[in-house]
Amino acid sequence: MQPARQPKRQRRKEARPAEIIAAALKLFSERGFAATRLEDVAEAAGVSKATIYLYFESKEDLFKAIIREIATPRLDAIEALVEGFDGRAADLVRGLTERARAIAGSPDVRAVIKLVVSEAGNFPDVAAFYRDEMVLRGLRNIARIIERGIASGEFRRCDPVATGQSIILPIIMNALAREVFGETPELDPERFLPSHLDFVLHGLAADKETR
């Protein structure tokens, strides 16, 4: 016996937050955060403005929900990888850097990065939320790997948090540059990442050789 299907109205109601988030990200990316009204988001999502307020307290709260929707599952997966990895720290840096490139290079994340950079001065609370939920959380994961490599003697002694910035921030800047200037051979992530990794791993290696 097949399970009964959910009523269409119920399925629609459960899907509304995701539909509102998708519509908001598209409009924020096209028009900017400040220039987009909640009325515009409601129209694009096919709901009323009052419906948006059932799920989100304000436009800022909606933007935070976008960041949370994009960041949380990806960072959860990275943290699970770090926790369960049983190998050399250099290999974990490679794997995590590749994941960071994939995350930073995805269209939705690139759009959010561009929005945060352009709107941070006018909406510092949103920028602080992005910093805490995505940037600093990612840096903490990188720092944990570096600490592991230092403890095992694989990496030279260094400041794990500061060194983590040297690894992750260039990847974010590469994604932002491509969002602003377009795809060019000079900014190709497939060209950038191997060079960046080589630079990072030689700098970290205790014996100055990539292990």
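Located above this text is the structure these notes cover.
Since we're looking at a predicted model, the values are computed, not measured.

Trainee: Talk me through the overall build of the protein chain; I want residue IDs and the actual numbers.
Mentor: On a plain count of helices and strands, the protein chain comes out with nine helices and zero strands. Its helices and strands in sequence order give the protein chain the pattern α-α-α-α-α-α-α-α-α, from N to C terminus. Viewed in the frame of its principal axes, the protein chain has a C-alpha envelope of about 60 × 50 × 30 Å. For the protein chain, with 211 residues in total, the buried portion stands at 43%. Long-range pairs, those at least 24 residues apart, make up 68% of the contacts in the protein chain with a sequence separation of at least 6. In the structure as shown, the protein chain presents an accessible area of about 11,700 Å², 54% of it carried by carbon and sulfur atoms. Across the protein chain, the mean location of the 32 positive side-chain charges is 4 Å away from that of the 32 negative side-chain charges.

Trainee: Run through the pattern of salt bridges, naming residues and quoting values.
Mentor: Summed over all chains, the structure comprises 18 salt bridges. Ionic pairing is found between Arg101 and Glu190, a salt bridge with its closest N-O pair at 3.5 Å. A residue pair is termed long-range when its members are at least 10 positions apart, and Arg101 in helix H5 (residues 89–105) and Glu190 in helix H9 (residues 189–204) qualify at 89 residues. Salt bridges here are not isolated pairs; linked through shared partners, they connect Arg88, Asp91, Arg94 and Glu154.

Trainee: Can you explain the packing of helix H4 (residues 59–84) against H5? Please cite residues and give values.
Mentor: Viewed as axis vectors pointing N to C, H4 and H5 meet at an angle of 175 degrees, and their least axial separation amounts to 11 Å. When the axes of H4 and H5 are compared, the pair comes out roughly antiparallel. Judged by residue contacts, Arg74, Ala77, Ile78, Leu81 and Val82 of H4 engage Leu92, Leu96, Arg99 and Ile103 from H5. A class-by-class count of the residues in the contact of H4 with H5 yields seven nonpolar, no polar and two charged.

Trainee: Describe empty space enclosed by the protein, naming the residues involved and giving the relevant values.
Mentor: Scanning all chains against the criterion turns up two cavities of 30 Å³ or more. By volume, the largest cavity is sized at about 230 Å³. In terms of lining residues, the largest cavity is bounded by 18 residues, among which Leu75, Ala100, Ile103, Met134 and Ile168 are the most central. Sorting elements by how many residues they give to the lining of the largest cavity places helix H7 (residues 124–152) first, with six residues.

Trainee: Describe the packing of aromatic side chains, naming the residues involved and giving the relevant values.
Mentor: Applying the stated criterion across every chain yields a total of five aromatic pairs. Between Phe28 and Phe33, the ring centres sit 5.0 Å apart and the planes meet at 70 degrees, which makes this aromatic pair edge-to-face. The exposure class assigned to Phe28 is buried, which follows from its relative accessible area of 0%. What links up through ring pairs into an aromatic cluster is the set Phe28, Phe33, Phe63 and Phe123. The residue whose ring lies beneath Lys59 is Phe33, and the NZ or CZ to ring-centre distance is 4.7 Å.

Trainee: How would you explain the side chain of Asp40 if you had to name every residue and give the values?
Mentor: Structurally, the position occupied by Asp40 is in helix H2 (residues 38–45). Accessibility expressed as a relative area gives 10% for Asp40, which makes it buried. Leaving out residues up to four positions away in the same chain, Asp40 has contacts with Leu27, Arg31 and Ala35.

Trainee: Just give me the short version of H2, but keep the residues and values in it.
Mentor: All of the buried residues in H2 are Leu38, Asp40, Val41, Ala42 and Ala45. Phi for Gly46, located one or two positions after H2, is positive at around 75 degrees.

Trainee: If you had to explain H5 to someone new, which residues and values would you point to?
Mentor: In a regular helix each residue adds 1.5 Å, so 17 residues correspond to 24 Å; H5 covers 24 Å between its end C-alpha atoms and thus fits that length. Three or more residues of H5 are buried, namely Ala89, Ala90, Leu92, Val93, Leu96, Thr97, Ala100, Arg101, Ile103, Ala104 and Gly105. Against H4, helix H6 (107–119), H7, helix H8 (160–181) and H9 lie the buried residues of H5.

Trainee: Summarise the nonpolar core; cite the residues concerned and give the values.
Mentor: Counting residues in hydrophobic clusters, the biggest one holds 62 residues, and the most contacted among them are Ile20, Phe28, Ile52, Leu62, Phe63, Ile66 and Val112. Put simply, the parts of the chain that give this core at least two residues each are helix H1 (8–31), H2, H4, H5, H6, H7, H8 and H9. Sequence-distant contacts of Leu62, that is, excluding residues within four places in its chain, are made with Ile20, Ile21, Ala24, Phe28, Leu38, Val41 and Phe56.

About the criteria used
Residues numbered from 1 in each chain as written. Predicted model: local features only at pLDDT ≥ 70, side-chain atom pairs only at ≥ 80, totals over all residues. Heavy atoms only, no water. Helix = DSSP H or I, 4+ residues; strand = E, 2+ residues; numbered from the N terminus. Buried < 20%, exposed > 50% of the residue type's maximum accessible area, 1.4 Å probe, protein only. Contact = heavy atoms within 4.5 Å. Areas by Shrake-Rupley, 256 points an atom, 1.4 Å probe, with all protein chains shown as cover. Lys, Arg positive; Asp, Glu negative; His and termini not counted. Charge placed at Lys NZ, Arg CZ, Asp CG, Glu CD. Salt bridge = Lys/Arg side-chain N within 4 Å of Asp/Glu carboxyl O. Axes fitted to C-alpha atoms, helices over the stretch in contact; angles between N-to-C directions. Parallel < 35°, antiparallel > 145°, perpendicular 65-115°, else oblique. Nonpolar A, V, L, I, M, F, W, Y, C, P; charged D, E, K, R; others polar. 1 Å grid on protein atoms, 1.4 Å probe; cavity = no way out; pocket = protein on both sides within 12 Å on 5 of 7 lines; lining within 4 Å. Points joined across faces, edges and corners; volume = space filled by probe spheres on them. Phe/Tyr/Trp six-rings, centres within 6.5 Å; stacked < 30°, edge-to-face > 60°. Lys NZ or Arg CZ within 6 Å of the ring centre and 35° of its normal. Expected span 1.5 Å × (residues − 1). Core = buried A, V, L, I, M, F, W, Y, C linked by side-chain atoms within 4.5 Å.

Everything listed is a geometric property; what it means functionally is a separate question.
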